[in-house]
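# Descriptive structure summary
If you want the building blocks of each chain, they are given just below.
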Amino acid sequence: DLGTGRETELYRAEVYFPAFFSPAISPAGNRLAFVSNNDAGVRTLMTVATRGGAPKQVTAGNFLPPFEDGDQNVLWTRDGGFIPVATDESTGLRRVWAIPADGGDPRKLDLAMPELRLTDVSPDGRRVAFATTRTTPELGVFHNLLSPTATAK
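Residues numbered from 1 in each chain as written. Predicted model: local features only at pLDDT ≥ 70, side-chain atom pairs only at ≥ 80, totals over all residues. Heavy atoms only, no water.

Among the secondary structure elements, Thr47 is positioned in strand E3 (residues 43–49). Excluding residues that lie within four positions of it along the chain, Thr47 makes contacts with Leu32, Ala33, Pro55, Lys56, Val58, Trp76, Ile83 and Ala101. (Helix = DSSP H or I, 4+ residues; strand = E, 2+ residues; numbered from the N terminus. Contact = heavy atoms within 4.5 Å.)

Right, let's get into the pairing of strand E5 (residues 82–88). Here E5 lies mainly inside the structure; 6 of its 7 residues are buried. In terms of strand pairing, E5 meets strand E6 (residues 94–100) through 7 bridges, oriented antiparallel. Looking at the pairing, Asp88 lines up with Arg94 of E6. Taken together, E5 and the strand that follows it, E6, pair antiparallel across an intervening segment of 5 residues, in which Gly92 is found at a positive phi of about 90°. (Buried < 20%, exposed > 50% of the residue type's maximum accessible area, 1.4 Å probe, protein only. Pairing = 2+ DSSP bridges.)

Residues Leu45, Val74, Trp76 and Ile83 are the most contacted members of the largest nonpolar core, which totals 13 residues. Contributing elements (two or more residues each) for this core: strand E1 (20–25), strand E2 (31–37), E5 and E6. Core analysis: the next-biggest nonpolar cluster, separate from the first, contains 12 residues, Ala98, Leu111, Met113 and Leu116 among them. (Core = buried A, V, L, I, M, F, W, Y, C linked by side-chain atoms within 4.5 Å.)

Shown next, in the form of structure tokens:
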């Protein structure tokens, strides 16, 4: 609490290095999302209420391989409903998935390119900003990735 200086421990676990990374506060400020390694070395996307309580495992396993390189940011959609992540595919592309923040099946989005890095979600939740380390210049625009119309495809 920046006003009072009071600190609250939200989560503690014995895990492999790096223990926790990519923490991100939800837009409403009521949840923290982060990635943790369990004792078997499995990457797990977790959320925990900022007022305390039991943490929730959102997804785990080999679904999160880009966290291996430590540069993946955890993002939230502005409504707090999804946590977009980019994952490596065997094709050499990195694909964007929308993971429901309250659990459920991840949604595969039609956005994939080599070395893709997510950077932010627009305030209206309809656009995702991203970058890549490719040396070939490209400019791309993706509209309505998380809209109801997109899920009907």
